[in-house]
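# Fold and contact review
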Amino acid sequence: MRVILETKERKKPFLPIEAETIIPSNFLKGPELTVYEGNKERLLSDLFTIVVEGTAVSPDKVEVVLKGDTARIKRVGEYMATGTIRIQGDIGMHCGNFMSGGVIEIGGNADAWLGREMLGGSIICHGNAGHYCASGYRGEKHGMRGGRVEVMGNAGDFCSEYLTGGEVHIHGNCGDMAGVEMKGGQLIIEGDATRPCGNMKDGMCMIFGTVHRILPTFEKIDTKKLPDRNVTVTVYKGDVANRGKGTLMIQKPHNEGDQHPANTLPGPATT
Amino acid sequence: MTELLVKNACVIDPLNRILMEVMDIPVRDGRIVESVSAGADIIDAKGCLTLPGGIDSHSHVCGTKVNFGRYMSPEDMRAGRTARRGKMHVTSGYYVPTTYGNSYRYSAMGYTTVLEGAMAPLEARHTHEEFTATPHQDMLANTLFDGNWAIMEAVRAKDVKKAAAIVAWTLSAVKGYSIKLTNPGGTEAWGWGEDVSSIHDAVPNFNVTPAEIITTMIEANELLHLPHSVHLHCNNLGKPGNYRTTLETFDLVPDTNNGRQTLYATHVQFHAYGGTTWRDISSKAEEIARAVNAKPQIVMDMGQIMFGRTMTMTADGPMEFNLYCLHHNKWSNHDVELETGSGIIPVLYSKKSLVNCVMWAIGLELALLTKNPFQCLLETDNPNGAPFVKYPEIIGLLMSKRYRDEECATLVDGTEQRTAICALDREMDWNEIAIMTRAGQAKALGIAAEGKGHFSKGAEADIAIYPIRCRDVDPATEYRKVIEAFRKTMYTIKRGRVVAREGDIIVEGANSTFWVNPVVPDDLNVANDPEFVKKFEEYYTVRMGNYPVQDVYLPRGKCIRTKAAL
């Protein structure tokens, strides 16, 4: 079954829509769902043109397609366990919160908190992701615990904060403090990053772009050749300030002077 | 004039020795009276259990450190969210809820009076502002004196009258209710990175010992005729083997007051550990309970822990730092100049942890081994042991051996060897539960005279009607029904007004704050003492004139005047 939701023109297009009901399993019984537009509860049909193609007997056979001006629709796919959501354009904040299975594919950019505290399934974002991509909630000890997030573009600050399991793959650059407080899982950044992995306790992070301002609490232990990529990386252990057993591999550390404490004072990101 | 008649109430009122009598309770203008006219509003209790409004004698719900707990736990604010509805404000949070969240949940459980466990005098304004925003409970504030420089100097000079005068001035300045000592001396030592490890260790730079602080403050408390006794959080909280310190402390306490205890020892569960390290921790509840049974001058409360997530917060900074070293989680520590400190850290009490299981058992053992329920009150040191919404479960555990056995079966191996919980077959009855949740508190806090905790004529009409008929239910087997009943009252009546009906809050609420003003002769008043004033101006970052809390912070303050015997 394919459910196509195309946004209608809205009087106030900047009002956010809270759409945690848009998950595949909810459409098995039909598209009579409600979402909040600002503080008003609305029928899905008030905001979208709905087309349903075919039928399905189980939620994993349901595909939800979002078209049109979707940049301000928040919490799509929250607690999703199975099925597929395809978003043709941009998507609002908190897409795929607590998701435990299924697939979300985003054609455009994703706003902040993409795949926050995700447990399983996979998210592919063809554009850029905002801050706190694949991270934990503020104050919570565990962030993303499983599944896979792939971002073809860049990600904002605090990408994979509190990462505890699963895999995050950023093809572009990351902002400041990627992988901070990591406790497990794997973070791969193809582009540049600054101050990665502060207070890392476990897990692995590989960065193939230029890394500025590596924290002084990471201990250089080795260099290693990665045969599948044919590159040599510098291997760091850390964060030693907090019993760190994490591994940080960097292909291009900016320069050795970077590790001098005077150059590593906190400050705004350089990207 | 408003009148109310509660009909067919099955009343338990331990202070008046009424046990499950079906009777009517007439109320006029917020007080219980002899009779009301025929035009009175009528509430039919249908023979259900009716108790005086619940009183929590030690709970952290308002003030700077509770609020810092809120700052620190944005993740907690995702739990317990309720939308605005009728008269109810928005609430959120589970272990550190918003003030309205606290107030509504207490009200739903039939609680109408709460004592805030620790108010730093310097930060009293914040506490009083939050009291105003906890509208359904009358509030009282324990005022911290554990590291007060002026007090310690008076203790060193062995000048009890001076200490009493300082207490009197401070209590009336910050609108506090009673003396709280949290790890006496230890919080001051922590300002220098140290702690005290027994009641005979000297506090750095002051050369006084915790034992001297405790005995002097007990004496000062009685000289001032304060309604409540000294409220003590003993030294060495949460350290294996600390029961010796607790017993030594109890031995210091004289029996000098006929009306009530002379020491209220709070959350004693955290002070009843045997062993030497976390590996061999065991329960010493029997020793503690034996001491309390032999000393009518001591009242304690359980400090029960319940499994789950919560937040520990106390003025005991060094203890919280030790906890941080165990958990490596977020933490905070705070120094209140010249007075005290505080620390906050979130915890998870788990059934997989032997230490936590032993702690859980100790709290229950204390309650079950203390013969007189007036001497061991029910509380969790909210939120340190568990949020207060767990009280009904504790009531279930105390009333049913079967429930305890079922719970024990889910604990980690070894709990049985290190505690006596499985061997205790006492099951509390309704009267004992009523004592442990309101009558005992009213007596211990000295607010029975203010009309709290009983149904005598002229008492405040704080009434909780629970949807359960005592005679039809056997708590030993049907403990689930008991727990459900104590979770939500049919009616909670506060000063003659129905404030909650089946868990829903139906009025805005207007609480009072009780505070004490001990009257001290002019020649002893520290405000007239040039030396005290000079030191105050020299050491504090606030001026003495700006220190007292103005009346505007207590829109419905209720002052209790006492005449000091100085």
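Quick notes on the rules
- Within each chain, residue numbers correspond to sequence positions counted from 1 in written order.
- Going through the entries in the order they are written, you letter the chains from A and number the ligands from 1.
- Under the rules for a predicted model, residues below a pLDDT of 70 receive no local features and side-chain atom pairs below 80 are neither given nor counted, while totals for whole chains, interfaces and linings still include all residues.
- Numbered from the N terminus, helices here are DSSP runs of H or I no shorter than four residues, and strands are runs of E no shorter than two.
- Atoms considered for the radius of gyration are the C-alpha atoms alone. The globule rule reads 2.2 Å times the number of residues to the power 0.38.
- Every C-beta atom is placed from the backbone, and the number of other C-beta atoms within 10 Å of a residue's own sets its class: buried at 20 or more, exposed at 12 or fewer, partly exposed in between.
- Residue pairs are scored as contacts if the distance between their C-beta atoms, which are placed from the backbone, is within 7 Å.
- Two strands are counted as paired when DSSP detects at least two bridges linking them.
- Only the stretch in contact is used when a helix axis is fitted, and all axes are lines through C-alpha atoms; the angle between N-to-C directions ranges over 0 to 180 degrees.
- For every residue, the predictor states its confidence as a pLDDT score lying anywhere from 0 to 100.
- Classes in brief: Ala, Val, Leu, Ile, Met, Phe, Trp, Tyr, Cys and Pro nonpolar; Asp, Glu, Lys and Arg charged; the others, Gly included, polar.
- In these notes the angle categories are as follows: under 35 degrees is roughly parallel, over 145 is roughly antiparallel, 65 to 115 is roughly perpendicular, and the rest is oblique.
- In this scheme, a crossing is called left-handed if the near helix is turned counterclockwise away from the far one by less than a right angle; it is called right-handed if the turn is clockwise.
- Arc definition: it is the arc formed by the directions from the helix axis to the C-beta atoms.

What follows deals with the overall build of chain A. What chain A contains, in helices and strands, is one helix and 18 strands. By the compact-globule yardstick of 18 Å for 271 residues, chain A fits well, its C-alpha radius of gyration being 20 Å. When the backbone C-alpha atoms are referred to their principal axes, chain A occupies close to 60 × 35 × 30 Å. Expressed as a percentage of the 271 residues in chain A, the buried residues total 47%. The contacts in chain A between residues at least 6 apart in sequence include a share of 37% that link residues at least 24 apart.

Regarding its fold elements, chain B presents 17 helices and 24 strands. At 22 Å, chain B has a C-alpha radius of gyration in line with the 24 Å of a compact globule built from 566 residues. Principal axes of the C-alpha set define a box for chain B whose edges measure 65 × 60 × 45 Å. Across the 566 residues that make up chain B, the buried fraction comes to 57%. Long-range pairs, those at least 24 residues apart, make up 78% of the contacts in chain B between residues at least 6 apart in sequence.

As a further point, take the sheet that holds strand 15 (residues 308-314) of chain B. Residues and elements named next belong to chain B. Pairing is antiparallel in the open sheet, where three strands are placed in the order 15-17-16. Every interior strand has two partners, whereas the edge strands, strand 15 and strand 16 (332-336), have only one. The mean inter-strand angle of the sheet, taken between neighbouring strand axes irrespective of direction, is 15°. Packed onto the sheet, helix 10 (residues 317-327) meets strand 15, strand 16 and strand 17 (340-349) and runs at close to 35° relative to strand 17.

Once that is clear, we can look at the confidence of the model for chain B. With 100% of its residues at a pLDDT of 70 or more, chain B has an overall mean of 95. Per the prediction output, this complex has pTM 0.90; the corresponding ipTM is 0.76.

Listed per partner, the contact involves five residues of chain B and five residues of chain A. Of the residues assigned to the side of chain B that touches chain A, the class counts are two nonpolar, two polar and one charged.

With that settled, the discussion passes to unusual backbone geometry. Where the residue is not glycine, phi is negative for most of them; where a peptide bond is considered, it is trans in most cases. Omega for the bond connecting A:G238 with A:D239 falls within 30 degrees of zero, at 0°, which places this linkage in the cis form. In this structure, the amide linkage connecting B:N382 to the following residue, B:P383, adopts the cis form with an omega of -5°. Positioned with a positive phi, B:D29 is a non-glycine residue whose angle comes to about 50°. Tracing the backbone through its elements, the reader meets B:D29 in the loop between strand 2 (18-28) and strand 3 (31-32). Non-glycine residue B:N183 carries a positive phi angle of around 45°. For B:N183, the location among the structural elements is in the loop between strand 9 (178-182) and helix 6 (186-190).

This prediction gives chain A a mean pLDDT of 92; 94% of its residues lie at or above 70. Overall, residues 260-271 of chain A carries pLDDT values under 50, and its contacts beyond four positions in sequence, including any with other chains, amount to 17 contacts.

On to the packing of helix 9 (residues 285-294) of chain B against helix 11 (residues 354-369) of chain B, then. The geometry of a pair of packed helices is captured by two quantities: the angle between their axes and the separation between those axes. Residue and element names in this part refer to chain B. Running from N to C, helix 9 and helix 11 point in directions that differ by 30°, and their axes come no closer than 9 Å. As judged from the angle between their axes, helix 9 and helix 11 are roughly parallel. Crossing angle aside, the handedness with which helix 9 passes helix 11 is right-handed. Residues A285, E286, I288 and A289 of helix 9 form the contact with helix 11, whose participating residues are I362, E365, L366 and L369. Grouping the constituent residues of the contact of helix 9 with helix 11 by class yields six nonpolar, no polar and two charged.

Take the sheet that holds strand 4 (residues 40-43) of chain A next. Residue and element names in this part refer to chain A. Across the sheet, four strands lie side by side as 4-3-2-7; this open sheet has mixed pairing. Where the open sheet ends on each side, the last strands, each with one partner, are strand 4 and strand 7 (73-74). Strand direction decides the pairing type here: strand 3 (residues 34-37) and strand 4, joined by four bridges, are antiparallel. Opposite E37, over in strand 4, you have K40 as the bridge partner.

Residues and elements named next belong to chain B. Among the residues of helix 9, those classed as buried are A285, I288, A289 and V292. Looking straight down helix 9, one finds that the buried residues subtend no more than 95° of arc, so they occupy a single side. Looking at the buried side of helix 9, the elements it contacts are helix 8 (243-251), strand 13 (282-283), strand 14 (298-301) and helix 11.

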